[in-house]
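Given next are the chains, with one letter for each unit.
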Amino acid sequence: MGIGTAIRHRMGRFEEPAAELYRSFFIDLEALVKQLSHVGEPKRILEIGCGDGALGQRLTQTFKQADYLGIDPAETAGRGFRGDTARAEFRSMTSSDLRAEAPDAFDLVVIVDVLHHVPAHMRRDLLNDAATLTAPGGRIVVKEWLWGRLIAGRLGYWADRYITGDKDVDFMTEPQLQKTLADSLPEFTVCETSSVRPWRENILLTLRRKTDD
Ligand SMILES: C[S@@+](CC[C@H](N)C(=O)[O-])C[C@H]1O[C@@H](n2cnc3c(N)ncnc32)[C@H](O)[C@@H]1O
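Everything numeric in this text was worked out from a predicted model, so none of it was measured.

Here, UniProt's "domain: Methyltransferase type" (unreviewed entry) annotation points to residues 46-140. Secondary structure within residues 46-140 divides into 31% helix and 29% strand; the distance between the first and last C-alpha atoms comes to 9 Å.

Structure below.
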């Protein structure tokens, strides 16, 4: 258990505000969701690696017509979600478990701050699952913290390694991320790239099928 998790478990009612404050140092989740306006009005959203539901809450607030499914291998998937539970569901499962169920496809599949927690040799499978679960005309959105030589480029690593406690955390440089996406999702192309405040290390990539012109 990382220092952060151990402290969180002792914080009681202060846990949620503290977790929000900690996260906001690294990323403005409201800004991220606003930056997704180009994806149109998805009706079905899947978040792979949804964690406590912090992003799921913002997605359901912004995309009011959408049903949202958040999945995460962790047993605590969605435990911090305080949004509209009529349109949101959380399940503790992997993307391959969900793929095996062959659900109706999703028109927005979101993978935010997840890939650096997934061993490099397993990223392709996760991204393949995302591709299979994405409807024709749908979008896959990937957000990662980029590895870099300057202090900011290392911040994400230090936080995840020593506070979150993931000793295997493995960040990519931008070329490594682009190569991972190109190799794993050959039928998709990146159609939007931006950074999410407050750090330019937060890279946000939207992918569409090459055949969706
Ligand atoms: C930093 S949290 C991100 C949570 C959420 N996406 C957000 O932005 O608020 C990373 C999450 O990735 C999940 N994760 C780790 N390995 C995964 C995998 N192989 N498939 C899906 N999720 C995974 C972890 O359990 C954790 O909840």
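Bringing the nonpolar core into the picture now. Leu 46, Ile 111 and Ile 140 are the most contacted members of the largest nonpolar core, which has 28 residues in total. Every element with two or more residues in this core is listed here: strand E1 (44-48), strand E2 (67-72), strand E4 (106-112), helix H6 (120-133), strand E5 (134-145), helix H8 (174-184) and strand E7 (202-209). Broken down by element, the residue count for this core peaks at five residues, all from H6. Setting aside residues no more than four positions away along its own chain, Ile 140 makes contact with Val 109, Ile 111, Ala 130, Ala 131, Thr 134, Leu 185, Phe 188, Leu 205, Thr 206 and Leu 207. In terms of nonpolar packing, the next biggest core, distinct from the first, is built from 23 residues, Ala 31, Leu 59, Leu 108 and Leu 204 among them.

Turning our eyes to something else, we now look at the side chain of Thr 60. Secondary-structure assignment places Thr 60 in helix H4 (residues 54-62). Apart from residues lying up to four places away in sequence, Thr 60 is in contact with Tyr 68, Phe 81, Arg 87 and Ala 88.

Another point: the packing of H6 against H8. H8 packs onto H6 with a crossing angle of 55° between their chain directions and a minimal axis gap of 9 Å. By the criterion of interaxial angle, the relationship of H6 to H8 is oblique. Between H6 and H8 the crossing geometry is right-handed. For the pair H6 and H8, contact is made by Arg 123, Arg 124, Leu 127 and Asn 128 and by Thr 180, Leu 181, Asp 183 and Ser 184, respectively.

Of all residues adjacent to the ligand, which total 15 residues, the nearest are Arg 23, Glu 47, Gly 49, Asp 72 and Val 112. Here the ligand, which alone exposes 600 Å², has 78% of that area covered by the protein. Among the residues forming the shell around the ligand, the class breakdown is eight nonpolar, three polar and four charged.

Parameters and conventions
Each residue is numbered by its place in its chain's sequence as written, counting from 1. Reporting in this predicted model follows two pLDDT cut-offs: at least 70 for local features of residues, and 80 or more for side-chain atom pairs to be given and counted; totals over whole chains, interfaces and linings ignore these cut-offs and use all residues. Computation of side-chain values covers all heavy atoms of the structure but excludes hydrogens and water. UniProt positions are given in the numbering used here, feature names are shortened, and annotations may be inferred rather than shown by experiment. Here a strand is any run of E in DSSP of at least two residues, a helix any run of H or I of at least four, and the numbering for each starts at the N terminus. Take the buried Ala, Val, Leu, Ile, Met, Phe, Trp, Tyr and Cys residues and link them wherever side-chain atoms come within 4.5 Å; each set so joined is a nonpolar core. For each residue, the accessible area found with a 1.4 Å probe, counting protein chains only, is set against the maximum for its type, and the residue is called buried under 20%, exposed over 50%, and partly exposed in between. The criterion used for residue contact is that any of the two residues' heavy atoms lie within 4.5 Å. In this description, a line fitted to the C-alpha atoms serves as the axis of each element, helices being fitted only across the stretch in contact, and the angle between N-to-C directions of two axes falls anywhere from 0 to 180 degrees. For classification purposes, angles smaller than 35 degrees are called roughly parallel, those larger than 145 roughly antiparallel, those between 65 and 115 roughly perpendicular, and all remaining angles oblique. Crossing handedness: left-handed means the near helix sits turned counterclockwise from the far one by under a right angle, and right-handed means the same turn made clockwise. A molecule or strand has a residue near it when one of that residue's heavy atoms lies within 4 Å. Residue exposure ignores everything except the shown protein chains as possible cover, and the areas themselves are Shrake-Rupley values with a 1.4 Å probe. Polar here means any residue other than Ala, Val, Leu, Ile, Met, Phe, Trp, Tyr, Cys and Pro, which are nonpolar, and Asp, Glu, Lys and Arg, which are charged; Gly is therefore polar.

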